[in-house]
Amino acid sequence: MQAINDFILAAAGQPWVLLLVLACCLIDGFFPPIPSESVVVGLAAVAATADVPNPWLLMLVAGLGAFSGDNIAYLIGRKAGTRRWNWMRGPRMQSGFRWAGHELRKRPASLILVARFIPIGRVAVNLTAGVTHYHHLRFVGLTVLSATLWAGYSVGIGLFFGQWFEDNHLLGAAIAIVCAVGLGILVDLVINRLKGKPPVVERLRDPEA
């Protein structure tokens, strides 16, 4: 365990670690398996007691990567259209595109902001925004805000929990990551239950809900 902690500290202090953060956050915008939350929250947990990497710089790089990834997803959706591939042509997907287009016109801010905290949800919403040709400049403005809030939230969670585990950075990072993902899902559940609607993920799975 000490060897693992030493490795985490050594890696966190390397200049290339911020490039890793940037790459993970960017790719995660259109490819969900890349664990951007795990990387950002985990490094923030280490920074809470080891002072590396710099939390403010980590937040800046994470936000930049998240913003870039979200907008790449938008451009992919816009270029692909709604009937480019077979999986897009089914009645459920077509209904989903119509639902997302309607929701983006009616309440784009809440949809895009909430979806950014849900790994699969943000990819689906951002792709759909492009597919349905949601106004690009408005999308850019909303993703600036959502990426900033997400980066601040992720780093803040890591710093908060990381300070409790000064002698075990691995455990502190693991607990912080679980809490960050859990709180993101909880935000989605609470906001949408208060509105009397299913969570974003459920509505993406069943657009008629």
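All of these numbers come straight from a predicted model, not from anything done at the bench. (Residues numbered from 1 in each chain as written. Predicted model: local features only at pLDDT ≥ 70, side-chain atom pairs only at ≥ 80, totals over all residues. Heavy atoms only, no water.)

1. Here we look at the overall build of the protein
- Counting its regular elements, the protein contains 10 helices and 0 strands.
- When the 209 residues of the protein are sorted by exposure, 45% land in the buried category.
- Considering only contacts within the protein whose residues lie at least 6 apart along the sequence, 75% involve residues at least 24 apart.
- Here the protein displays about 10300 Å² of accessible surface, and carbon together with sulfur accounts for 70% of that area. (Helix = DSSP H or I, 4+ residues; strand = E, 2+ residues; numbered from the N terminus. Buried < 20%, exposed > 50% of the residue type's maximum accessible area, 1.4 Å probe, protein only. Contact = heavy atoms within 4.5 Å. Areas by Shrake-Rupley, 256 points an atom, 1.4 Å probe, with all protein chains shown as cover.)

2. What to know about the nonpolar core
- In this structure, V21, C25, V40, L43, L58, A62 and W150 are the most contacted members of the largest nonpolar core, which totals 20 residues.
- Breaking this core down by element, the ones donating at least two residues are α2 (16-28), α3 (36-50), α4 (55-80) and α8 (136-162).
- Ignoring any residue separated from it by four or fewer positions in sequence, one finds W150 in contact with C25, S36, E37, V40, A62, A66, R116, F117 and R122.
- Core analysis: the next-biggest nonpolar cluster, separate from the first, contains 10 residues, Y74, L104, V125 and L142 among them. (Core = buried A, V, L, I, M, F, W, Y, C linked by side-chain atoms within 4.5 Å.)

3. Overview of a nonpolar patch on the surface
- Residues I27, F30, F31 and I76 make up a contiguous nonpolar surface patch of about 310 Å² in total accessible area.
- Of note, I76 is situated in helix α4. (Patch = residues over 30% accessible without salt bridge, like charges linked within 9 Å, V, L, I, M, F, W, Y side chains within 5 Å. Salt bridge = Lys/Arg side-chain N within 4 Å of Asp/Glu carboxyl O.)

4. Remarks on the pattern of salt bridges
- Applying the stated rule across the entire model yields 3 salt bridges.
- With a shortest N-O distance of 2.8 Å, E37 and R122 are connected by a salt bridge. Of this pair, E37 sits in helix α3 while R122 sits in helix α7 (residues 119-131), and the two are 85 residues apart along the sequence.
- In this structure E37 comes out as buried when scored by relative accessible area, which is 10%.
- For R122, a relative accessible area of 1% puts it in the buried group.
- Overlapping salt bridges, with partners in common, bring together D28, E37 and R122 in one network.

5. Regarding the state of the cysteines
- Applying the stated criterion to the full structure yields 0 disulfides.
- In this structure C24 is a free cysteine whose sulfur lies 6.8 Å from that of C25, the closest cysteine sulfur available.
- With a relative accessible area of 2%, C25 lands in the buried category. (Disulfide = S-S within 2.5 Å.)

This is a description of form; function is not addressed.
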